[in-house]
Amino acid sequence: TDLFESPDYYLLDELLTDEHKLIRKTVRDWVKKEVSPIIEDYAQRAEFPKQLLKGLADIGAFGPTIPEQYGGLGLDYMAYGIIMQEIERGDSGIRSTASVQGSLVMYPIYAYGSEEQKHKYLPKLASGELMGCFGLTEPDHGSDPGGMTTNFKDAGDHYLLNGAKMWISNAPFADIAIVWAKNDAGKIQGLIVERGMEGFTTPETHNKWSLRASATGELVFDNVKIPKENLLPNVTGLRGPLGCLNQARYGIAWGAIGAAMDCYDTALRYAKARKQFGKPIAAFQLQQKKLAEMITEITKAQLMVWRLATLKNENRATPAQISMAKRNSVEIAINVAREARQMLGGMGITGEFPIMRHIMNLESVITYEGTHDIHLLITGMDITGEEAFK
Ligand code: TGC
Ligand code: FAD
């Protein structure tokens, strides 16, 4: 990893500002120094490296686009994308932690919260003093979150929350959870649930083969008393959580390319060094085909997210455009990773190289934040005007 440079076949660096390049260097150096040397070991042991939280906060990974008055950095979406790309070059699980904190916990408080909530939580979330998680998915409602059964009832001076969420990234250690639940009228609203509230537990999910260095868990609510000031006042309906997903999916569209770049870079260097039949395997046409197709797909995906960032900065990126980029980036990443793994032969299945870990991670990335199928159906609906989910 010492030699890592992101492939830039179409000179996209010329379209970045000096600030973007500086941010990339800062994050890349941090990943190289703090993540790459330890991540394989944590993934093998299925443990989240908690000591990285402080560093993630220091490089600005938690809510970089949130304005400075709330503890963020006020950066643009190009910068946010670059940060996600560089972190995911290290590991999708570490990028998940940053995605959840910034896009799924800080963003809803920023976009839908009261002024008091913003001041109370955002600076501490930006600094990593508080960590959060996002509870939308339920055991019986994944792709169809509108069917959720988790609910809260008005009980005078507080609410009573009941139900359960599943597959929640960061749940086992989060201090707060943004929980989407139905109110007395059956409308979805967001609540800030704090660790320590009676009846709230976060059992950890074990035996994952994917995203092993990320902590996943359930959120279980058994008559949890929620103070009324913990309701996010400014959004009702599924567009609340889906609005957060636009942010996180955008970050994944950039992030997955980071994983692809790492696999391509690893395979290219291996192919030049590894000799069989008296020649570097890079000299064989079959291996060149794999490498040529990898760099072509990476380049196409880079162009797509660069343009998407520009649209997002202008507040013009549509949810369907974000879906297309999330879907495309993850698909090309998983294909690049599979081809790269083969190029390393037997070494490709070991933890000596990052590729097998990336492949396994990407199996979660292709499923969470909307599955590959759901994003295709979002594109289908957008171009035909016909909704094919139901
Ligand atoms: P539908 O009737 O289409 O829409 C309901 C309301 O929501 C609005 N809306 C959006 N608003 C903002 N952004 C979007 N992307 C939106 N998509 C829809 C819509 O306009 C409507 O608003 P209103 O005001 O008219 O009521 O909803 P539906 O029930 O038919 O479902 C649509 C569908 C399937 C696209 C959607 O539910 C979906 O995206 N499903 C996938 C679920 C998903 O992505 N879950 C992710 C869980 S979080 C996660 O995985 C975190 S992983 C984190 C990590 O570790 O990195
Ligand atoms: P299902 O919805 O049951 O889908 C099963 C299959 O059916 C999929 O292939 C799907 O594409 C297909 N399918 C479903 N509906 C249709 C349809 N209408 N047409 C065609 N095919 C369809 N959620 C959170 O809320 N917060 C988190 O932090 C979070 N972190 C996660 C971390 C990990 C590691 C994982 C694996 C998941 C996480 N999720 C989280 C949950 C994730 O968002 C869901 O797994 C995802 O939305 C899919 O839901 P499901 O698993 O219930 O699959």
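Residues numbered from 1 in each chain as written. Chains lettered and ligands numbered in written order. Predicted model: local features only at pLDDT ≥ 70, side-chain atom pairs only at ≥ 80, totals over all residues.

- The name given to the protein chain in an unreviewed UniProt entry is glutaryl-CoA dehydrogenase (ETF), with Mucilaginibacter antarcticus as the source organism.
- According to UniProt, the comment filed for the protein chain under the heading Catalytic activity (unreviewed entry) is "glutaryl-CoA + oxidized [electron-transfer flavoprotein] + 2 H(+) = (2E)-butenoyl-CoA + reduced [electron-transfer flavoprotein] + CO2".
- The UniProt entry for the protein chain carries the following comment under Cofactor (unreviewed entry): "FAD". (UniProt positions renumbered as here; feature names shortened; annotations may be inferred.)

## Here's the deal with the nonpolar core
Note on soluble globular proteins: their nonpolar side chains tend to be buried together.
Logical step 1: Ranked by internal contacts, the top residues of the largest apolar core, which has 114 residues, are Ala260, Ala333 and Ala337.
Logical step 2: At 17 residues, the largest contribution of residues to this core is made by helix H6 (residues 239-273).
Logical step 3: Excluding anything up to four places from it in sequence, Ala333 contacts Ala256, Ile257, Ala259, Ala260 and Leu362. (Core = buried A, V, L, I, M, F, W, Y, C linked by C-beta atoms within 7 Å. Buried ≥ 20, exposed ≤ 12 C-beta atoms within 10 Å, placed from the backbone. Helix = DSSP H or I, 4+ residues; strand = E, 2+ residues; numbered from the N terminus. Contact = placed C-beta atoms within 7 Å.)

## A closer look at the UniProt feature "domain: Acyl-CoA dehydrogenase/oxidase C-terminal" (unreviewed entry) in the protein chain
Logical step 1: The positions that UniProt labels "domain: Acyl-CoA dehydrogenase/oxidase C-terminal" (unreviewed entry) are, in the present scheme, residues 237-381.
Logical step 2: Segment residues 237-381 splits into 76% helix and 3% strand. End C-alpha atoms: 20 Å apart.

## Some thoughts on the packing of H6 against helix H7 (residues 285-313)
Logical step 1: Direction vectors running N to C along H6 and H7 enclose 155 degrees, while the axes themselves pass 10 Å from each other. Comparing the axis directions of H6 and H7 gives the class roughly antiparallel. Considering the relative orientation of H6 and H7, their crossing is left-handed. In this structure, H6 uses Tyr250, Ala253, Trp254, Ile257, Ala260, Met261, Tyr264, Ala267, Leu268 and Ala271 to contact H7, whose residues at the interface are Gln287, Leu291, Met294, Ile295, Ile298, Ala301, Gln302, Val305, Leu308 and Lys312.
Logical step 2: Taken together, the residues of the contact of H6 with H7 break down into 17 nonpolar, two polar and one charged. (Axes fitted to C-alpha atoms, helices over the stretch in contact; angles between N-to-C directions. Parallel < 35°, antiparallel > 145°, perpendicular 65-115°, else oblique. Left-handed = near helix turned anticlockwise from the far one by under 90°. Nonpolar A, V, L, I, M, F, W, Y, C, P; charged D, E, K, R; others polar.)

## A few points about unusual backbone geometry
Logical step 1: The phi torsion at Asn223 lies on the positive side, around 55 degrees, for a residue other than glycine.
Logical step 2: When you line up the elements, Asn223 lands in strand S7 (residues 216-227).
Logical step 3: We classify Asn223 as exposed; it has 12 C-beta atoms within 10 Å.
Logical step 4: Positioned with a positive phi, Phe277 is a non-glycine residue whose angle comes to about 50 degrees.
Logical step 5: Take Phe277: it is sitting in the loop between strand S8 (275-276) and strand S9 (279-280).

## Quick notes on the site of ligand 1
Logical step 1: Of all residues adjacent to ligand 1, which total 25 residues, the nearest are Ser96, Ser169, Pro319, Tyr368 and Gly370.
Logical step 2: No other element matches H6, which puts six residues into the shell around ligand 1.
Logical step 3: Considering only residue class, the shell around ligand 1 consists of 13 nonpolar, 10 polar and two charged. (Near = placed C-beta within 6 Å.)

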